[in-house]
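Single-letter residue listing:
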Amino acid sequence: MITLDGLTKVFPAPGGGDPVVALDGIDLHLEPGRVHGIVGRSGAGKSTLIRCLTGLEKPTSGRVEVDGTDIAALEGDALRAARRNIGMVFQHANLLDSRTAARNIAHPLEIAGVPRAERERRVAELVELVGLSGREHNHPAQLSGGQIQRVGIARGLAAEPKVLLCDEPTSALDGSTTRQILRLISDLRERLGITVVIITHEMAVVREVCDTVTLLKDGKIAQTGELVDVAADPHGPLSSELISLPPAPTGIDAVIVNCDYGDSTRFRTSEDLIRAAEAHGAEATLVAGTIETIGGRQVGRVQLALRNASGAAISAESLASYLAELDAAGVVAKEETA
Ligand SMILES: Nc1ncnc2c1ncn2[C@@H]1O[C@H](COP(=O)(O)OP(=O)(O)OP(=O)(O)O)[C@@H](O)[C@H]1O
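Residues numbered from 1 in each chain as written. Predicted model: local features only at pLDDT ≥ 70, side-chain atom pairs only at ≥ 80, totals over all residues. Heavy atoms only, no water.

A.B. asks: Before we move on, could you go through the side chain of T8 and cite the residues and values that matter?
C.D. replies: Turning to its location among the elements, T8 is positioned in strand 1 (residues 2-11). Assessed through its relative accessible area of 14%, T8 is described here as buried. Excluding its chain neighbours within four sequence positions, the residues that come into contact with T8 are L23, D24, G25, P59, T60 and S61. (Helix = DSSP H or I, 4+ residues; strand = E, 2+ residues; numbered from the N terminus. Buried < 20%, exposed > 50% of the residue type's maximum accessible area, 1.4 Å probe, protein only. Contact = heavy atoms within 4.5 Å.)

What follows is the structure in structure tokens.
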């Protein structure tokens, strides 16, 4: 649905110094009908990427293909038409205070010149779709933060786009409202088959709703893939961010074991892992651990203190090669300072 090919954006230096390379040769393909997360620290290039996707920013070089059209090559009416395929949801919905929820949703349809009867039919549909029935005649001041974001989402969907770009959609919301909005986004993807791109700095959002995740660093892709694969990859930078390990007691030598139990017939739980370590001649103590269900698979990181019969520590390498012998493909041990 979305293909970025060598996408590069260089801004001239603000004070005549070196130019700023905001995006540096991004190649990325995002499949239709899925929820894609784009993460990265401040300054990584996320906003520039989203602005290139909406045609607000022209790339210095490269292609930005959305539903078969190179957005970067379009101007004027052709660009405006292509942008109708892309709905936007922002951190703050910035509703018009003088308009009811329904009339805020209708606003983009009015601007697009959609006839009144058609507009009303569509708004009624959208109100129902985002779970705002009964609230459609309220003004923004009479709506909660979550309801305001539902209006923002309905407005983003008004023109029946194929892609919904969400820029930090839950950053201004509390935990339980965040979960409701993420459930709504997930549900919309199911019901409408829409492709969703979420820009976020919240790993909880990625864990909860994304099918794939891409980490940007200094304008480049540092890691990208299916969420469950990225979470279970002990060598990638995202694993420890997606599955954070609670602090272990100090003074204990422990090895970190990344587990993806879903791929393993032998390992279903951390108990199986401890039994394997014991079969390897180790006395194993579970020091800390986090197991998450991601994409229906149990993935996680557990920290084990491993000692042999004479009390000497057993290394991660030694456990890893034993696990490899057992063909525990989804379980990887590595040394890591906690
Ligand atoms: N119009 C501009 N002119 C000059 N430099 C810019 C411009 N827009 C962005 N940049 C620079 O490009 C780099 C990427 O910025 P961008 O806003 O895309 O990052 P971001 O990941 O969205 O950060 P944040 O999470 O803080 O919004 C930064 O170094 C930024 O200073």
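A.B. asks: An account of the environment of E226 is needed here, citing residue identities and associated values.
C.D. replies: Looking at the secondary structure, you find E226 in strand 10 (residues 220-226). On the accessibility criterion, E226 (32% relative accessible area) is partly exposed. Measuring from C-alpha to C-alpha, the distance between E226 and V213 comes to 6.4 Å, with 13 residues separating the pair along the chain.

A.B. asks: Explain the sheet that holds strand 7 (residues 163-167) residue by residue, including any values.
C.D. replies: With respect to topology, six strands assemble into an open sheet ordered 6-7-8-3-9-10, the strand pairing being mixed. Lying at the two open borders of the sheet, with one neighbouring strand each, are strand 6 (86-89) and strand 10. When the angles between neighbouring strand axes are averaged without regard to direction, this sheet yields 15°. Bridge analysis of strand 6 against strand 7 gives four bridges, and the strand direction is parallel. What sits directly across from M88, in strand 7, is L165. (Pairing = 2+ DSSP bridges. Axes fitted to C-alpha atoms, helices over the stretch in contact; angles between N-to-C directions.)

A.B. asks: Got a sec to walk through unusual backbone geometry? Specific residues and values, please.
C.D. replies: In this structure, D67 takes a positive phi of about 50° despite not being glycine. Within the element layout of this structure, D67 appears in the loop between strand 4 (61-66) and strand 5 (69-70). Residue class for D67 comes out partly exposed when judged on its relative accessible area of 30%. Look at N94: it is not a glycine, yet its phi comes out positive at around 45°.

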